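# Analysis of the macromolecular model
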Amino acid sequence: MKKLIKQKGIKIHFQIVNYGSDLYKKSVSLREEVLRKPLGLIFTKKELELEKEHIHIAGFYGHELCATALLAPHGDELKLQRVVTKAHLQRNGIGTEMMRFCEEYASKHGYKSIFCHAREAAIPFYLKNRYVLEGEPFEEEGLQLHKMRQVRSPFRRCFASFSLKS
Ligand SMILES: CC(C)(COP(=O)(O)OP(=O)(O)OC[C@H]1O[C@@H](n2cnc3c(N)ncnc32)[C@H](O)[C@@H]1OP(=O)(O)O)[C@@H](O)C(=O)NCCC(=O)NCCS
């Protein structure tokens, strides 16, 4: 942790929250604020229903909900979606910590990789977190998106294979 967070000495922690719980509802509000409202959109009932099967991650700055994301299983892969950090806390390393949490979840639960459909503006963030671009960009709901996939760190690969053998 750096800058403001390091100065204040407040720890960030992440947890999985249950679909439909109060923390899930707060996470939906946060991502709606950051991802959808600027486009004049909300999350529809149908979209939220589909999230029943997904893994919901919430990050806390002290007691304050500061970040959220979800992981949607696709066979032996996870699709990372709805990734946000609260606006006034961005560029403090929270998103990066959340990517580590997701990677650990994937590793522990035997998923082979994590991919996402990144918005243009978020590409530098994913590149910094060891994601690489895959294929051609495409358009969805008026946004230019790029498929990106995380390359696991050699340490985690080695650790995962050691755990499986032992
Ligand atoms: C993308 C997002 C989740 C990143 O969260 P964050 O907590 O700010 O990320 P971090 O502080 O861990 O950033 C790590 C690195 O990523 C890069 N990065 C992050 N945001 C960036 C931006 N807006 N522009 C350029 N580089 C960026 C930087 O290299 C940064 O390191 P630095 O601050 O030392 O330069 C956050 O900016 C966000 O919520 N954006 C709006 C929603 C969004 O676009 N989500 C992604 C949808 S695909």
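What comes next is a walk through the structure. (Residues numbered from 1 in each chain as written. Predicted model: local features only at pLDDT ≥ 70, side-chain atom pairs only at ≥ 80, totals over all residues.)

### Overview of helix α4 (residues 94–108)
In this model α4 runs 21 Å from its N-terminal to its C-terminal C-alpha over 15 residues, within 8% of the 21 Å that 1.5 Å per residue would give. Restricting attention to buried positions, one finds in α4 the residues Ile94, Gly95, Met98, Met99, Phe101, Cys102, Glu103 and Ala106. Of the residues trailing α4, Gly110 is marked for its positive phi of about 75 degrees. (Helix = DSSP H or I, 4+ residues; strand = E, 2+ residues; numbered from the N terminus. Expected span 1.5 Å × (residues − 1). Buried ≥ 20, exposed ≤ 12 C-beta atoms within 10 Å, placed from the backbone.)

### Describing the nonpolar core
Of all hydrophobic cores here, the largest spans 28 residues; its most connected members are Ile57, Ala69, Leu80, Met98 and Cys102. The set of elements that each furnish at least two residues to this core consists of β1 (12–17), β2 (55–61), β3 (64–74), β4 (77–85), α4 and β5 (113–119). When residues in this core are grouped by element, the largest group, six residues, is from α4. Beyond its immediate sequence surroundings of up to four residues, Cys102 is in contact with Ile57, Ala69, Leu71, Leu80 and Ile114. (Core = buried A, V, L, I, M, F, W, Y, C linked by C-beta atoms within 7 Å. Contact = placed C-beta atoms within 7 Å.)

### With respect to helix α2 (residues 22–36)
Between the first and last C-alpha of α2 there are 20 Å, a value that for 15 residues agrees with the 21 Å anticipated at 1.5 Å per step. For α2, the set of buried residues is Ser27, Val28, Leu30 and Arg31. Buried residues of α2, seen end-on, are gathered within an arc of 165 degrees and therefore sit on one face of the element. In α2, the exposed positions that point more than 90 degrees away from the buried face belong to Asp22, Lys25 and Ser29. (Arc of directions from axis to C-beta.)

### Concerning the site of the ligand
Inspection of the region around the ligand gives 19 residues, with Thr85, Gln90, Gly95, Thr96 and Pro124 positioned closest. Only α2, β4, α4, β5 and α5 (123–128) provide two or more residues apiece to the shell around the ligand. Taken together, the residues of the shell around the ligand break down into ten nonpolar, six polar and three charged. (Near = placed C-beta within 6 Å. Nonpolar A, V, L, I, M, F, W, Y, C, P; charged D, E, K, R; others polar.)

### Focus: the environment of Ala122
Tracing the sequence through the fold places Ala122 in the loop between β5 and α5. You can call Ala122 partly exposed: it has 18 C-beta atoms within 10 Å. Spatially, the C-alpha atoms of Ala122 and His146 are 9.7 Å apart, while their sequence positions differ by 24 residues.

### What to know about the pairing of β3
Summarising the sheet, β2 and β3 pair through seven bridges and their orientation is antiparallel. Of the residues in β3, the one forming a bridge with Phe60 is Leu65. Between the end of β2 and the start of β3, which pair antiparallel, lie two residues, with Gly62 showing a positive phi angle near 65 degrees. Connecting β3 to the next strand, β4, in antiparallel fashion are two residues, including Gly75 with a positive phi near 60 degrees. (Pairing = 2+ DSSP bridges.)

### So, the pairing of β5
Because side chains alternate across β5, one face comprises the buried residues Ile114, Cys116 and Ala118, and the other comprises Ser113, Phe115, His117 and Arg119, none of which is buried. Pairing analysis gives four bridges linking β4 to β5, with the strands arranged parallel. In the sheet register, Lys79 faces β5, and the bridge partner there is Phe115. With respect to chirality, the unit in which β4 leads through α4 into the neighbouring parallel β5 is right-handed. The pairing of β5 with strand β8 (residues 143–150) spans five bridges and is classified as antiparallel. What sits directly across from Phe115, in β8, is Arg149. (Right-handed = clockwise from strand over helix to strand, strands pointing away.)

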